[in-house]
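Now for the letters of each chain:
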Amino acid sequence: MIIFMNYQALANLLFPDVTGTPEELEQRFPERNLPEQAVVTRIGPSPTGFVHLGNLYNAVIGERLAHQSGGVFYLRIEDTDEKRKVEGAVETLISAMQYFGVNFDEGATADGDNGNYAPYRQRQRKEIYHIIAKYLTLQGKTYPCFLTAEEIDAIREQQTANKENPGIYGKYAEANRNLTLEQIQENLNAGKSWVLRFRGEDTEESILVQDAVRGELRMPRNNMDFVLLKSDGIPTYHFAHVVDDHFMRSTHVIRGEEWISSLPMHVELFNTLGWKQPVYCHTATLMKIEDGKKRKLSKRKDPELALAYYQQEGICPEAVWEFLLTLLNSNFEEWRLANPEADYHEFPYTIEKMSISGALVDLDKLRDVSKEVLSRMTAENLYAGLLAWCEEYQTSFAELLKVYHDRAIKALNVGRGGAKVRKDLENWKQACEFLSFYFDETFTQQDNMPEEISETDRKAFFKEYLDSYQHSDDSSAWFAKVKEITEKLGYAVKPKDFKKHPEDYKGSIIHITNMIRIALTGRANAPDIWEVSQVLGEEIVISRLQKWL
Ligand code: GLU
């Protein structure tokens with residue numbers, strides 16, 4: 001049954017106050033004046049209070065593609081879901097992105113919106129969506145739907161029983177599709193709640209979408225009467241995405257693969273509106289291996305899904321980026337080996353090298369990447385990163401770093417000069433622990449003295465050591481003295497002599513140096529004794545050793 005509907009009257013009835021037109025919006029948000037290859041893209045996180053690794057994962061791709069091509073990268077806040085709204089979530093999101101060094105050219109910032117395509121927060125764009133909703137209504141492409149939640153539940157039950165696709169379409173849509181203007185008016189007068197639905201085609205056709213990561217996707221064409229505006233007039237993600245990415249002039253949409261199933265709706269909207277579809281890149285879901293099996297990272301079970309985890313653990317932002325780049329581009333590690341000194345921004349990121357099977361978040365791998373990244377940093381940069389982190393998470397250690405600035409820099413330089421750089425540091429949290437022995441305030445005796453050395457020998461050793469100690473000795477002069485006392489006390493100067501003839505010695509120089517190291521640093525595992533002594537300074541060296549006399 002074809003019912004004649006005066007769409008003009010319907011549009012005025014539903015949107016009496018909307019006077020703007022799509023043409024005006026086209027002028028207000030003009031095409032960007034950029035070179036042809038320039039990528040304009042964004043992340044569109046929902047401010048739920050939980051910033052996840054996936055947000056950063058997609059941000060890394062978008063930021064790289066945009067900035068490598070001379071394009072624009074922006075932040076859009078997708079806050080249409082009132083139920084998930086959390087106080088302060090936008091600020092949390094913005095500060096997390098800032099912490100991880102994601103640079104936006106435009107979009108929501110801590111001090112409001114920045115850019116010519118504002119507002120960048122969906123709740124502030126209601127007027128824009130309503131202009132397009134009214135336009136679609138004028139084209140006969142929408143209708144108000146008064147189905148109640150109970151009625152929709154009943155439809156779903158029936159569909160399940162009949163093994164039919166769920167949703168409002170075809171015969172399930174008929175009652176509301178075919179309301180007359182008078183009936184609609186009556187419902188509105190009666191204050192009935194309504195949503196605006198897209199009038200889907202009753203079709204069995206299929207569509208082809210070119211996904212930049214996955215190649216050609218063949219999918220059924222949309223036949224659903226999906227919701228454009230919810231009962232409070234706020235758009236659904238589907239509608240908002242299409243309107244925003246059109247008027248913000250995105251060339252690429254980078255988002256999680258969970259959105260693939262809704263592509264037909266988006267394609268249908270772009271086609272209906274006669275707008276150019278952006279390039280879609282659906283990214284792989286973040287996975288982990290547990291008990292030998294791959295599974296999706298879960299918010300409930302896996303702390304590492306939260307971006308806050310990396311902040312709290314003090315994993316430096318560059319390390320997280322490099323880790324994500326290794327996940328995202330199969331040739332990143334090869335490039336890193338060939339260009340050990342280069343800034344990761346110099347890596348030529350490509351969509352072609354992206355994997356479509358789930359991305360494996362392996363924390364051991366992250367630790368390795370992080371050690372490498374930290375081993376390449378200068379002591380000054382390490383100091384700056386560590387101090388910034390401590391000011392937020394370990395304020396008392398931050399104080400020490402400031403009071404003993406020069407000592408901290410020297411400590412961070414230990415083992416960095418030579419060809420083989422030490423890889424002691426894993427993250428800022430561990431760095432605080434690692435560096436703690438350099439300051440009397442945080443020094444602790446963690447390891448026991450080697451049992452091979454008797455108390456008498458220990459005292460005798462330290463007495464001679466202190467008597468002959470010259471803080472200005474260079475490393476070899478210092479070591480010559482250690483060897484001399486070692487020999488005098490009946491310990492092997494060459495460890496292999498002790499190995500061959502243990503009966504001839506009380507122990508070896510390894511026991512002796514361990515003893516000095518433990519006295520100085522409180523631990524058996526620490527960098528070079530002479531270097532550490534130089535950092536600690538004469539006074540501290542002497543006072544720590546005197547304790548063992
Ligand atoms: N708000 C969507 C999400 O958080 C964004 C999807 C998109 O980037 O288009 O998943």
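Look above for the structure.
The sections below set out a description of the structure shown in this document. This is a predicted model, so every value here is computed, not measured.

Thresholds applied
Residues numbered from 1 in each chain as written. Predicted model: local features only at pLDDT ≥ 70, side-chain atom pairs only at ≥ 80, totals over all residues. Heavy atoms only, no water. Phe/Tyr/Trp six-rings, centres within 6.5 Å; stacked < 30°, edge-to-face > 60°. Helix = DSSP H or I, 4+ residues; strand = E, 2+ residues; numbered from the N terminus. Lys NZ or Arg CZ within 6 Å of the ring centre and 35° of its normal. Near = heavy atom within 4 Å. Polar contact = N/O pair within 3.5 Å; in protein donor to acceptor, adjacent residues only side chain to side chain. Areas by Shrake-Rupley, 256 points an atom, 1.4 Å probe, with all protein chains shown as cover. Nonpolar A, V, L, I, M, F, W, Y, C, P; charged D, E, K, R; others polar. Axes fitted to C-alpha atoms, helices over the stretch in contact; angles between N-to-C directions. Parallel < 35°, antiparallel > 145°, perpendicular 65-115°, else oblique. Contact = heavy atoms within 4.5 Å. Pairing = 2+ DSSP bridges. Buried < 20%, exposed > 50% of the residue type's maximum accessible area, 1.4 Å probe, protein only. Expected span 1.5 Å × (residues − 1).

### Structural notes on the packing of aromatic side chains
Describing an aromatic ring pair means giving the distance of the ring centres and the angle of the ring planes.
Link 1 in the chain: For the structure shown, the criterion picks out 24 aromatic pairs.
Link 2 in the chain: Where Tyr74 meets Tyr120, the ring centres are 6.0 Å apart and the plane angle is 50°; that geometry is what we call tilted. Taken together, the residues span a long stretch of sequence, with Tyr74 in strand β2 (residues 72-75) and Tyr120 in the loop between β4 (112-114) and α5 (126-138) at a distance of 46 residues.
Link 3 in the chain: Pairing Tyr169 with Tyr172 gives two aromatic rings, centres 5.8 Å apart and planes at 70°, and the pair type is edge-to-face.
Link 4 in the chain: Through pairs of rings, three or more aromatic residues link up here, namely Phe29, Tyr117, Phe247 and Trp275.
Link 5 in the chain: Here Arg32 stacks its cationic end above the ring of Tyr117, 4.0 Å away from the centre of that ring.
Link 6 in the chain: Sitting above the plane of the Phe29 ring, Arg125 keeps its charged end 5.9 Å from the centroid.

### Notes on the site of the ligand
Link 1 in the chain: Taken together, the residues surrounding the ligand are Arg42, Gly44, Ser46, Glu78, Tyr237, Ile254, Arg255 and Trp259.
Link 2 in the chain: Within the side chain of Glu78, an N or O atom sits 2.7 Å from a nitrogen atom of the ligand.
Link 3 in the chain: Trp259 places a side-chain nitrogen or oxygen 3.3 Å from an oxygen atom of the ligand.
Link 4 in the chain: Notes on the ligand: free accessible area 300 Å², of which the protein chains cover 83%.
Link 5 in the chain: Residues that form the shell around the ligand fall into these classes: three nonpolar, two polar and three charged.

### Some points on the packing of helix α1 (residues 7-14) against helix α8 (residues 181-189)
Link 1 in the chain: As a packed pair, α1 and α8 sit with axes 11 Å apart at the nearest point and diverge in direction by 5°. Looking at the two axes, α1 sits roughly parallel to α8. From α1, Ala9, Leu10, Leu13 and Leu14 reach across to α8, where they touch Leu181, Ile184, Gln185 and Leu188.
Link 2 in the chain: Its residues assigned to classes, the contact of α1 with α8 shows seven nonpolar, one polar and no charged.

### So, the pairing of strand β3 (residues 106-109)
Link 1 in the chain: The sheet contact formed by β2 and β3 spans two bridges and is parallel. Looking across to β3, one finds that Tyr74 is bridged to Glu106.
Link 2 in the chain: Alignment of β3 against β4, held across three bridges, turns out to be antiparallel. Each bridged residue has a counterpart across the sheet, and for Ala108 the counterpart in β4 is Asp113.

### Remarks on the sheet that holds strand β14 (residues 359-360)
Each strand in a sheet pairs with another by means of backbone hydrogen bonds, the pair being arranged parallel or else antiparallel.
Link 1 in the chain: Taken together, three strands build an open sheet; the order of strands is β13-β12-β14 and the sheet is mixed. In this open sheet, the two strands that pair with only one neighbour each are β13 (293-296) and β14.
Link 2 in the chain: As defined by bridge partners, strand β12 (residues 286-290) adjoins β14 across two bridges and the pair is classed as parallel. Across the sheet, the residue bridging to Leu286 is Ala359, located in β14.

### What about unusual backbone geometry?
Link 1 in the chain: Pro119 follows Ala118 through a cis peptide bond whose omega is -5°.
Link 2 in the chain: Mapped onto the fold, Pro119 is located in the loop between β4 and α5.
Link 3 in the chain: For Lys163, which is not glycine, the phi torsion reads 55° and is therefore positive.
Link 4 in the chain: Tracing the sequence through the fold places Lys163 in the loop between α6 (149-161) and α7 (170-177).
Link 5 in the chain: Relative accessible area serves as the criterion here: at 78%, Lys163 is assigned to the exposed category.
Link 6 in the chain: At Arg249, a residue that is not glycine, the phi angle is positive and equals roughly 60°.
Link 7 in the chain: Mapped onto the secondary structure, Arg249 falls in the loop between α9 (237-247) and β10 (252-256).
Link 8 in the chain: Overall, the relative accessible area of 8% leaves Arg249 in the buried class.

### Regarding the pairing of strand β6 (residues 195-198)
Link 1 in the chain: Here β6 shows a buried face lined by Val195 and Arg197 and a second buried face lined by Leu196 and Phe198.
Link 2 in the chain: The sheet contact formed by strand β5 (residues 142-145) and β6 spans four bridges and is antiparallel. Of the residues in β6, the one forming a bridge with Cys145 is Val195.
Link 3 in the chain: By the bridge criterion, two bridges tie β6 to strand β9 (residues 227-229) in an arrangement that is antiparallel. If you follow Arg197 over to β9, its bridge partner there is Val227.

### What to know about helix α15 (residues 379-393)
Link 1 in the chain: With 15 residues, α15 extends 20 Å between its outermost C-alpha atoms, agreeing within 8% with the 21 Å of an ideal straight helix rising 1.5 Å per residue.
Link 2 in the chain: Residues of α15 that are buried in the fold lie against α4 (89-99), α11 (307-312), α14 (363-376), α16 (395-403), α17 (405-413) and α18 (428-435).

### Regarding the sheet that holds β5
Link 1 in the chain: Strand order across the open sheet formed by three strands is β5-β6-β9, with antiparallel pairing between neighbours. Looking at which strands have only one partner, the edges of the open sheet turn out to be β5 and β9. If you compare each strand with its neighbour and ignore which way they point, the axes differ by 45° on average.

Remember that the coordinates give geometry; whether it matters functionally is a separate question.
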